Amino acid sequence: MDINEQSTKTEEVSQDLLNIFLEPYKDDCKYLRKAHFQYLESKESPGKLTTGSKDIFSIKGDFSIPESCYITDTGHFNSVEFNICYNQLFYIMIAYVLNNKLLSVMADWDLEIYKRRQLSNFLIVKFSSTFRKQINSNHFQGTLSINKSSERGNLIILKTSCAFYDRNDGWAEGDVTIAILKSEPDKNLYDSRESVSV
């Protein structure tokens, strides 16, 4: 993932959105402190914002993990914390794009619908992470991009990539595919005839 990808506009995400959509986390697990949303340049048309089915967005966040919520301090950023930080940055990105009506595949969602479905309708269907160099978990940054969006029956599929890094060249990166149920879940995912293969 290129954390220096050219953006045409950057905007700070409001503290209200962070408070509302990090609310499901216990206080000592709220690692995301601040976030900035980035509108990326179209690679096909430099200087223009990406639009339509090729929406590409990025969000950057400042993180701090003063103390692990589940294990004695390891002194570095680990795979469980990677997943938690990814989730928090992703939840805030979705809140921002819905609040600003930016993601075409979720055009009929608003923040009220999203808040109600935030935990039940979002499913990680593919997750991979790679750790290149140890990250200091006391203070680090993260970047997440939605690279592709599509629809399949009752599912919205988002392909995303992310990276976490610190000032000492610490680095971890990953690719995550999210399936979003368009309607309220009324049965087990494994009982559904919808395919989530990507």
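Preceding block: the structure.
Predicted model only: the values in this text are computed from it and were never measured.

Analysis parameters
Residue numbers here run from 1 along each chain, matching the order of that chain's written sequence. Thresholds applied to this predicted model are a pLDDT of at least 70 for local features of residues and 80 or more for the giving and counting of side-chain atom pairs; totals over whole chains, interfaces and linings are not thresholded and use all residues. Just so you know, side-chain values use all the structure's heavy atoms and leave hydrogens and water out. Only DSSP runs of H or I covering at least 4 residues are called helices, and only runs of E covering at least 2 are called strands; the numbering of each starts at the N terminus. Partly exposed describes any residue whose relative accessible area lies between the buried limit of under 20% and the exposed limit of over 50%, with all areas from a 1.4 Å probe on protein chains only and scaled to the type maximum. Here, two residues are considered to be in contact whenever any of their heavy atoms come within 4.5 Å of each other. What a helix should span is 1.5 Å times the count of its residues minus one. Following DSSP output, two strands are said to pair if at least two bridges run between them. Put simply, a nonpolar core is a bunch of buried Ala, Val, Leu, Ile, Met, Phe, Trp, Tyr and Cys residues held in one set by side-chain atoms that sit within 4.5 Å of each other. Here a pair means two rings of Phe, Tyr or Trp (six-membered ring of Trp) with centres within 6.5 Å. Their orientation is stacked below 30 degrees between planes, edge-to-face above 60, and tilted elsewhere. For this document, the term salt bridge refers to a Lys or Arg side-chain nitrogen within 4 Å of an Asp or Glu carboxyl oxygen.

1. Structural notes on the overall build of the chain
Across its full length, the chain carries 3 helices and 7 strands. Element order for the chain, N to C, with α for helix and β for strand: β-α-β-β-α-α-β-β-β-β. Per-residue burial for the chain yields a buried fraction of 44% across its 198 residues. Relative to all contacts within the chain whose residues are 6 or more apart in sequence, the contacts with residues 24 or more apart total 72%.

2. Overview of helix α2 (residues 79–99)
Over its 21 residues, α2 runs 30 Å from end to end, which matches the ideal 30 Å to within 8%, given 1.5 Å per residue. The buried fraction of α2 is high, at 17 of 21 residues.

3. Re the pairing of strand β5 (residues 140–152)
Note that strand β3 (residues 57–63) and β5 share 7 bridges and pair antiparallel. When the bridges of β5 are listed, G61 appears paired with G142. The pairing of β5 with strand β6 (residues 155–165) spans 11 bridges and is antiparallel. Of the residues in β6, the one forming a bridge with R152 is L155. Here β5 folds back onto β6, and the loop between the two strands holds 2 residues, one of which, G153, carries a positive phi near 60 degrees.

4. Here's the deal with the pairing of β6
Most of β6 is tucked away, with 10 of its 11 residues classed as buried. Sheet topology note: the β6/strand β7 (residues 171–181) ladder contains 11 bridges and is antiparallel. Counted as the bridge partner of S161 is D175 from β7. Hairpin geometry of β6 and β7 is characterised by an intervening segment of 5 residues between the two adjacent antiparallel strands and by a positive phi of about 70 degrees at D169.

5. Comments concerning the nonpolar core
Side chains of nonpolar character tend, in soluble globular proteins, to be buried together. Among the nonpolar cores identified, the biggest contains 50 residues, and I94, M106, L158 and F164 are the most heavily contacted of them. With 14 residues, the top contributor of residues to this core is α2. Ignoring sequence-local partners within four residues, the contact set of I94 consists of M106, Y114, F122, I146 and L158.

6. Comments concerning the packing of aromatic side chains
Within the structure shown, the criterion is met by 20 aromatic pairs. The interplanar angle of 25 degrees and the centroid separation of 5.7 Å between the aromatic rings of Y165 and W171 together place this pair among those described as stacked. Taking relative accessible area as the criterion, Y165 reaches 12% and is therefore assigned buried. Linked through ring pairs, F21, Y25, Y86, F90, Y91, W109, Y114 and F122 together constitute an aromatic cluster.

7. Considerations on unusual backbone geometry
The residue K101 is not glycine, and still its phi comes out positive at about 50 degrees. By the secondary structure assignment, K101 is in the loop between α2 and α3 (111–117). One non-glycine residue, D169, lies in positive phi territory at about 70 degrees.

8. Some remarks on the pattern of salt bridges
The full count for this structure, using the stated rule, is 5 salt bridges. Across the pair K9 and E11 runs a salt bridge, and its minimum N-O distance is 3.9 Å. In this structure, E173 and R132 form a salt bridge, with 2.9 Å as the shortest nitrogen-oxygen distance. Placement of the pair is E173 in strand β7 and R132 in strand β4 (residues 122–133), with a sequence separation of 41 residues.

9. Quick look at the environment of S129
Mapped onto the fold, S129 is located in strand β4. The exposure class assigned to S129 is partly exposed, which follows from its relative accessible area of 31%. With 47 residues separating them along the chain, S129 and V176 place their C-alpha atoms 8.5 Å apart. Sequence-distant contacts of S129, defined by excluding residues within four places in its chain, comprise F82, E173 and G174.

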